[in-house]
Every structure is written in C-alpha cells, then in structure tokens.
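# Geometric and topological summary
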Amino acid sequence: MVRELYYDEVFDAQKHFRALLDSMARPGKINVLEPVPLDPPPGLNAASALAGFALMDADSTFEVIGMMHGEAAYLASNTNARRVETAKAHFIFARGSESPDFLESADCGTLLYPDTAATVVLQLDAASRSPLPGGLRLTLEGPGIDGRGVLYVRGLNADLLLALQARNAEFPLGIDTILTFANESGAPALAALPRTTRVSWENC
Amino acid sequence: MVENAKFQSSYSYGFIDETTKKEIRRKMLKAICIPGYQVPYSSPEMPISRGWGTGGLHLTLSLMGRNDVFKIIDQGSDASVNACNLRQFVQMMTECAVTYDTAQATIIQSRHRVPEEVLTDQQILVLQVPQPEVLRGVERYEFRTRQMHAEADYARMWVSLYESYVRFGALMRGAGYPIKVNSRYIATPSPIPRWDTPNLSMANCLYLFGAGREKRIHAIPPHTRVEPLEFEDVRFKVEEFRGILCSASGQDKAFMDEIFDDADRRKHVINDSNFLDKVKTGPRPPQRLFTNPE
Amino acid sequence: MAYNSENDWLLRVRGLTKIYGEPVNSSVDRTGPEFASNICPESGAIVAIANIDFDLYPGEVLGIVGESGSGKSTLVQLLYFDQAATSGTVLFRGVDEGRTDILTLSNQRKRYVKNHLMGMVYQNPRDGLNFSFSSGGNIAEKLLMAGTFHVGNIRGRASYLLTQTEVPVQRMDETPASFSGGMQQRVQISKAIANNPPLVFLDEVTSGLDVSVQARVLDLIRRLQQEMGISMIVVSHDLGVIRMLTDRTIVLKHGRIVEHGLTDQILQDPQHAYTQLLVSSLL
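Since we're looking at a predicted model, the values are computed, not measured.

Cut-off values and rules
Position labels on residues start from 1 in each chain and follow its written sequence. Chains and ligands are labelled by the order in which they are written, letters from A for the one and numbers from 1 for the other. Totals for whole chains, interfaces and linings use every residue, but because this is a predicted model, local features are given only for residues with pLDDT of at least 70 and side-chain atom pairs only at 80 or more, for both listing and counting. Numbering of helices and strands starts at the N terminus; helices are DSSP runs of H or I of at least 4 residues and strands are runs of E of at least 2. Partly exposed residues are those whose C-beta has more than 12 but fewer than 20 other C-beta atoms within 10 Å; 20 or more makes a residue buried and 12 or fewer makes it exposed, with C-beta atoms placed from the backbone. Contact between two residues is assigned when their C-beta atoms, built from the backbone, lie within 7 Å. At least two DSSP bridges between two strands are needed for those strands to be called paired. Clockwise travel from the first strand over the helix to the second, with the strands pointing away from the viewer, marks a crossover as right-handed. Axes, fitted as lines to C-alpha atoms, cover a helix only where it is in contact. Angles between the N-to-C directions of the axes lie from 0 to 180 degrees. Every angle not falling under 35 degrees, over 145, or within 65 to 115 is termed oblique; those three ranges are roughly parallel, roughly antiparallel and roughly perpendicular. When residues are sorted by character, Ala, Val, Leu, Ile, Met, Phe, Trp, Tyr, Cys and Pro go into the nonpolar class, Asp, Glu, Lys and Arg into the charged class, and all the rest, Gly among them, into the polar class. Working rule for handedness: look at the near helix, and if it is turned counterclockwise from the far one by less than a right angle, call the crossing left-handed; if clockwise, right-handed. Where each domain starts and ends follows an automatic or database-derived domain assignment. What a helix should span is 1.5 Å times the count of its residues minus one. Of all possible arcs, the one meant is that of the directions from the helix axis to the C-beta atoms. Think of a nonpolar core as buried Ala, Val, Leu, Ile, Met, Phe, Trp, Tyr and Cys residues chained together by C-beta atoms that fall within 7 Å.

Looking now at the overall build of chain B. Along its length, chain B carries six helices and 12 strands. If you line up chain B on its principal axes, its C-alpha atoms span 60 × 50 × 35 Å. Here chain B holds 294 residues, and 47% of them are scored as buried. The long-range fraction of contacts in chain B, counting pairs at least 24 apart against all pairs at least 6 apart in sequence, stands at 62%.

Attention now moves to the pairing of strand S6 (residues 199-203) of chain C. Residues and elements named next belong to chain C. Within S6, five of the five residues are buried, which leaves the element mostly enclosed by the surrounding structure. Of the two faces of S6, the one holding Leu-199, Phe-201 and Asp-203 and the one holding Val-200 and Leu-202 are both buried throughout. In this structure, S6 lies alongside strand S7 (residues 231-236), joined through five bridges in parallel fashion. Its bridge partner being in S7, Asp-203 is matched across the sheet by Val-235. Remark: the S6/helix H7 (residues 211-228)/S7 crossover connection has right-handed handedness.

Two numbers describe how helix H1 (residues 11-25) of chain A lies on helix H1 (residues 18-33) of chain B: the axes approach to 10 Å, and their chain directions differ by 10 degrees. The orientation of H1 of chain A relative to H1 of chain B falls into the category roughly parallel. On the side of H1 of chain A, the interface is formed by Ala-13, Phe-17, Leu-20, Leu-21, Met-24 and Ala-25 of chain A, while H1 of chain B contributes Glu-18, Arg-25, Met-28, Leu-29, Ile-32 and Cys-33 of chain B. Across the contact of H1 of chain A with H1 of chain B, the residue classes break down as 10 nonpolar, no polar and two charged.

Each strand in a sheet pairs with another by means of backbone hydrogen bonds, the pair being arranged parallel or else antiparallel. All names here are of chain A. Ordered by their spatial adjacency, four strands build an open sheet running S6-S8-S7-S11, and the pairing between neighbours is antiparallel. Pairing within the sheet leaves two strands with one partner each, and these edge strands are strand S6 (126-128) and strand S11 (198-203). On average, each strand axis in the sheet is tilted by 25 degrees relative to the strand beside it, whichever way the strands run. As defined by bridge partners, strand S7 (residues 136-141) adjoins S11 across six bridges and the pair is classed as antiparallel. Pairing of Thr-139 across the sheet is with Ser-200, part of S11.

A few words on the packing of helix H2 (residues 54-63) of chain B against helix H3 (residues 81-94) of chain B. Residue and element names in this part refer to chain B. In contact at an axis separation of 11 Å, H2 and H3 are set at 30 degrees when each is read in the N-to-C sense. By the criterion of interaxial angle, the relationship of H2 to H3 is roughly parallel. For H2 against H3, the interelement crossing comes out right-handed. Contacts from Leu-57, Thr-60 and Leu-61 in H2 reach Leu-86, Val-90, Met-93 and Thr-94 in H3. Within the contact of H2 with H3, the residues separate by chemical class into five nonpolar, two polar and no charged.

Turning to the domain arrangement of chain B, a few remarks are in order. Quoted interface sizes are often the accessible area lost when the parts come together. Residues and elements named next belong to chain B. Domain boundaries in chain B define domain 1 (13-135 + 163-228) and domain 2 (241-282). On a C-alpha basis, the centroid separation for the pair domain 1 and domain 2 is 25 Å. Each side of the interface is counted separately: domain 1 has 13 residues, and domain 2 has seven residues. Its residues assigned to classes, the side of domain 1 that touches domain 2 shows five nonpolar, three polar and five charged.

On to H7 of chain C, then. All names here are of chain C. Over its 18 residues, H7 runs 26 Å from end to end, which matches the ideal 26 Å to within 8%, given 1.5 Å per residue. Among the residues of H7, Gln-214, Val-217, Ile-221, Leu-224 and Gln-225 are the ones counted as buried. For H7, the angular spread of the buried residues around the axis is 100 degrees, confining them to a single face. Of the residues in H7, the exposed ones pointing more than 90 degrees away from the buried face are Ser-212, Gln-226 and Glu-227. Against the buried residues of H7 lie strand S3 (61-65), helix H5 (151-164), helix H6 (181-193), S6, S7 and helix H8 (239-245). Positive phi appears at Gly-229, one or two residues downstream of H7, with a value of about 65 degrees.

What follows is about unusual backbone geometry. The omega torsion across Phe-171 of chain A and Pro-172 of chain A is 10 degrees, close enough to zero to call that bond cis. Structurally, the position occupied by Pro-172 of chain A is in the loop between helix H5 (158-167) and strand S9 (176-182). In this structure, Asn-182 of chain B takes a positive phi of about 55 degrees despite not being glycine. In this fold, Asn-182 of chain B is placed in the loop between strand S6 (179-181) and strand S7 (185-187).

In this complex, chain A contributes 35 residues to the contact, which on the side of chain B involves 36 residues. With 10 residues, the top contributor of residues to the side of chain A that touches chain B is H1 of chain A.

This part takes up helix H4 (residues 135-145) of chain C. In terms of burial, H4 of chain C is largely enclosed, as 11 of its 11 residues are buried. Within H4 of chain C, the full set of buried residues consists of Ser-135, Gly-136, Gly-137, Asn-138, Ile-139, Ala-140, Glu-141, Lys-142, Leu-143, Leu-144 and Met-145 of chain C. The inward-facing, buried residues of H4 of chain C contact helix H5 (155-168) of chain B together with helix H2 (107-117), H5 and H6 of chain C. The first or second residue beyond H4 of chain C is Gly-147 of chain C, which carries a positive phi of 100 degrees.

Residue and element names in this part refer to chain C. Pairing is mixed across the open sheet formed by six strands, whose spatial order is S5-S6-S7-S3-S8-S9. Of all strands in the sheet, those bounded by a partner on one side alone are strand S5 (118-121) and strand S9 (256-262). Between one strand and the next, the sheet's axes are offset by a mean angle of 15 degrees, whatever the strand orientation. Pairing between S5 and S6: four bridges, direction parallel. Bridge assignment links Val-121 to a residue of S6, and that residue is Leu-202.

Of all two pairs of chains that touch, the greatest number of contacts is found between chains A and B. Chain C makes no contact with chain A, the minimum C-alpha separation between the two being 10 Å.

Let us look at the nonpolar core. Of all hydrophobic cores here, the largest spans 200 residues; its most connected members are Leu-20, Ile-92, Leu-179 and Leu-190 of chain A. Broken down by element, the residue count for this core peaks at eight residues, all from helix H2 (residues 46-55) of chain A. Setting aside residues no more than four positions away along its own chain, Leu-190 of chain A makes contact with Ala-19, Leu-20, Ser-23, Asn-31, Leu-33, Ala-47, Ala-51, Ile-178, Leu-179 and Thr-180 of chain A. Judged by nonpolar contacts, the second largest core, of nine residues, contains Cys-246, Phe-255, Met-256 and Phe-275 of chain B.

Take a look at the structure:
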C-alpha cells in the first residue's frame, strides 16, 4: 500500500479536475489525464486513482466493490477519505464488469438535495470513439451533447447500464458515472455520464 | 503527498486552500449533473466583501491553472474598477495570463453580461450572481423554495409573471429574466439583460453561476435547452435597439449602453468593450443573434 | 339525483385514521365517543380520526358535521393532502380508475391530483388565496398549474368564473385584501372550480360570514353544484348549512362516525344521542 510521493496536490489535481469537468459537461467526450508516476494496487487503474485523488479528501466517503488487494486502503491513505458502506458512500469504485447489485443501495440523492447523490467510478478495459470489437456501442443524448454522441466501450456490463437507467429514471434523482480506462497509448483517460444522459446500447 | 515546494508560501495557489477548492470542485461537478439546480457550497471568506463577486471568484480560483488565460468584465467592461481589482487579485494568486480579448480567454468571469462574441467549447463563462434563488421574490422561506424546486411547483413564479404583465405590460421588469433549464429547473441567469438570455441555450461553452453571499452554485452545460419563461400569447422578447447605431463604431445589432454626452445629447455605445474595440478596427466577431417573435 | 349503483362511487374511503403522537396498539380502541375523549390514556397520543369509512358518488354533496375537535377538518385535510394519514385507503375514480390508493402517490402525482381533480375552499380566505396576487392572479394560479399558459385564455376563464360567482369583473386585477369577506369566499370558490374538478371540498366556508352574506354564498354554491354536477364534501358545525347543501351526511364525534345517512332522514329522525342534540339545537 503505497503513499504516492510524486502526485502534486495543487497542479495535478487542478489539471485532472479540469479534464473531468470537461468530460462531465460533455458526456461521452474522452479526456486524457496528464500522467503522474503512480503505483496503484492491481484492482485500480491509474485514471480511477487520479480521479479519486482529484476529488476526494477527509470530508469524502467511498466504497470499493469487489476489490480485494488493498485498493481501499490505497485510496484512504492517499486522500484521507473514509471507507463506508455503499449506501453512505459519496464515491463508489467498481469494475465495469461488476454485477449491478451494488447500484441498488447507492445513494441517488433526494428531491430536496439531489446533489448528495453518489458518483460511481467504473473501470473499463477500453473506450474509444472508434468501434471496439467485442464491446458495446453506446448512443448518448442529453445536456452537453450536440445531437447524439457515440462511445464505444469494452469491459462494461450491459446490466450496469440497465441498472443505472433505472436509478436515473426520476430526474433529478440519479447517480453520476465516471468511466475510467487506459487509452490506446496506455495513458489514463476518462469519460463521464451524468444522470441527465440518456444511454442506449448495442453490441459491437 | 508532497505539496509543490514552490508554493510553500504564505498563501495557497489561487488563494483558496486545496481542501476548500476540492469541495467547490465537487459541487461544480454536481451542478453540471443537475442543470439549473442550486448546489449549496461552503463559500469561504475572501479578501473582498460579499456582494462584490466572491461567488465568481470561488469558481474562477477553483478552476484556474497555470495554462489558463483569464478575462474579467463588469457590465461589459474590462477596464472598470471592479474588473481591474479582481483581475489583479486573480493574477497575483494564480500567476495566470490575462487578456481583454474574448477569443483568447479560457476562463471568463463576468458580472451582468454575457460577451457578444460567441464562446467556444474551450471556454468557461463564470457569472456572478447576487440572488440565485429565482423564487425568492414570491417566497421568503428557503425551506419552502427548496420544496418548490423539489416538486417542480412553480405556479407562483408563473403567477408573478402574469401579475407583472397585467400591472405593467411586461412579463418581467429589470434584469435577470427567469429561465427553465433542461425542461426541469427554473433558475436565474444572473442579472444579465434579456439580450443575452438566448445565448445560454444550446451553447458551445459551459456556464457556471456562483453566488458567494447566498452560497450557491448552479450550472448550464453546453448544448442544453434553456427557455425564458413566457406565455403562448405573451412571448419573451429581447431589447430591440431599432434604428439605433453605436456612436463610436457606427455598428448595430449589439447590446447598447445609453449615454448622455456633455451637450446632453442622447447617444448609444456598444456595451461590450472588447467587442466594440474589435468592430472599430476590424471584422465583426461571430455572434448569436435572436429574432423576436411577431 | 340519479340512482347510483354500488360501484359508481367517485371516492371510496376505508379505515382512514390520523393519530398524533406515539400510539400503542390499543390507542384507537380506548378513544372515541364512548370514552368521550380523543386522547389515548396510555400513551397520550391523540386519535384525531379513526376507522372512517364512506363512499361519495358523482354529483353528490356529502356533509360532515360535528363540533370542534370532532375531526371533520382533519378528515378533509387528509383527503386534500394537506396532512399525511396514519393509515387507511382512499380510492378516487379520477386516478387509475379508482384502483390506486391516492394516499400512496408520490408528491408529484398528488400535486397533479390536487391541481386537476380537486378544489378546496377554506374557512379563512387567507388559507386559500394569496393576498399579494390579484383575484384574477389567484384563479390564474390554478389554471397555470393545470397547464394553461395563455394569458388571454387565463383572463377569459377568470372573468367567466368571477361572473359566475357574482364578483365584479372590473375588480379582477385587485387583490382580495380589498374585498369583503363574502366576496373573498366567492373568489376562493372561483379558484376551486377553475379546472372543472370532479370533487370540491368546502371547509366551514360560511362560518366567518354574517348571516345574510352566508345565505348568498350558500345559494351560489348550490347553484354551481347543480349546474356543474360537482361532487362536494361540505364540512360544517352548522346543521343549517348541511340541510341546505347536502344529500347525505356523516356525523362525527371524537373522531368517529356516529351516524350517517340521507340528510333529510337524519334531520327528521336522528338516531344517535349526539345527533339528536345537534338537531334539537337547530334553529
């Protein structure tokens, strides 16, 4: 369990946050994060770690789903965030291949305070604007998207998309999702699906 | 983790400490995920008074990085006292580049105007908001306005527009015309003139709204439908400036200030100072113009 | 009034109960008219109403009579969602054809029902009207909530309603604050019927008015009800009002129904001691 010494809390956090902001404002848009020398545990990719470092601190809570190799301790010690049960977590880290059960207890906010909903960080094998054989083709519509957007993903369980759709059915309640992966060059990258995005999918 | 040694100085990069910036950043993201909804945030103390742009500063300083180019205008002017003070502060705190040129800026902070020149997908407009609660005029209590937003119970807002029309012949007097964002939340666009309001809809840039005194952030993502509230038979209209030309540039089709010269003659001048500079010396920058319905 | 078959009900209430405080299992059984009390002796919980059952038919006017504390206003507040019930079911023909308990609807759906399918006239006009809006604006609120966003149509409808309720149309743009009590009530009535709802509640609507004004408002209500065929639930402590407006009546005491039946029959031949007391004091 490593404490990262090369991560710049001021400038790396700022740059990565801007990338995340841009992706969240333009759902489906892929942004590459400026890489930082990191050594996360095997279950966590670099983009997830960097997203966690950019957003979480001692006031945040998180949970990791199905990760057993010190991922939770890594996130906790590097951000001072607290690990809690899924229902109370602000941030939930999971693999895209995970089964959707954990989404049922994730906090989707209240009508009075929809901003208290959780953010889910889903790790994918790959994502791209060009077709990925064996993956899913996502068609995206909604705020932030000019007309329709397309994103190809691999390593995303379609059941998760179905479960997200159900949880996001009654706007403003819903869960916001960050998709993390390594791009073709191996650099950490992300895209985002806020709860306002309408997603339809088919196999590639 | 090691804080960047260069900034182990008497204040943080961007003045606001990293923990607070993170909180503001988290709230900004949630605001984007719920277009038009007012997210409560910490609104830390700044070295300027409330009511002078602290909300805008919170957003700007949490966004700003070393590669950003910063522009700030106050009622259209880069050179006004407030704009100069805030620009100096931001530059000192972030060592960023600054510009008057709308097209060059990556982050634009503004009070009471949206720039005439169309903004791109590389730009963020941060608007300063005095009163973010659009329903405050019809309901004093926060717990009730929050309930009204939660249930999309906007009847009273509509009645107040009806009453305004019946009494004064106009749906809304003053600045800050109420808008419906993404067909769900009714919000204030901040006290911008009606001329600017259509610019918020289906734009390429991101709009962020910061209210420091009231401690709320709201957002309008790009390509989001924003509709000014109107009735089927009483429609939203922007200011017309029919037959009026800017006395400094001879141009029309921009939001004009009305001024009286030393001989008490009434003149109009384009309000957006950078846009005015550009049309005086070169081609007209691209704009989005709205045509009033019949 | 046409013959209504059993299943033609507009509103079906079963077991409606409202308890304030922390009840115990026996709270309901140890309160009520036999005990002359709403307060549970063991837990201190207040059983405002319990086990209320009744049906309301289309075009029918149902009276609810009782003294202060009988629970009559509470009953109407529960049906209009001004308060949350403790238990019971309410079926309403206008919602899922009467298959869904409207007490379980989400807030958004309840709001829809209130705006489109119900009207409410309160005893105090300040509860039903916003005095910072004009009378026309108050009616507009109801029309806007039902989806009319056309100023011309709103004003047209508001003028029509005010004429129907005998409020001078020239005063449409004045706030109700400048109106007499009777006129304020008539503005409330206009607002309540603005969307032609199938069901309107009237909660002690004439209690604050003097007698001659009362008579005029009651006449108006009766005329509108007959012309529009609205079902009404009329709450009053005044049997005179009940006699004038209602077809059937429910008598409440300490939160329970002690008598119910055709208004004429109850007035002529009251069965329960309490009803007899009420009728005997009717002038």
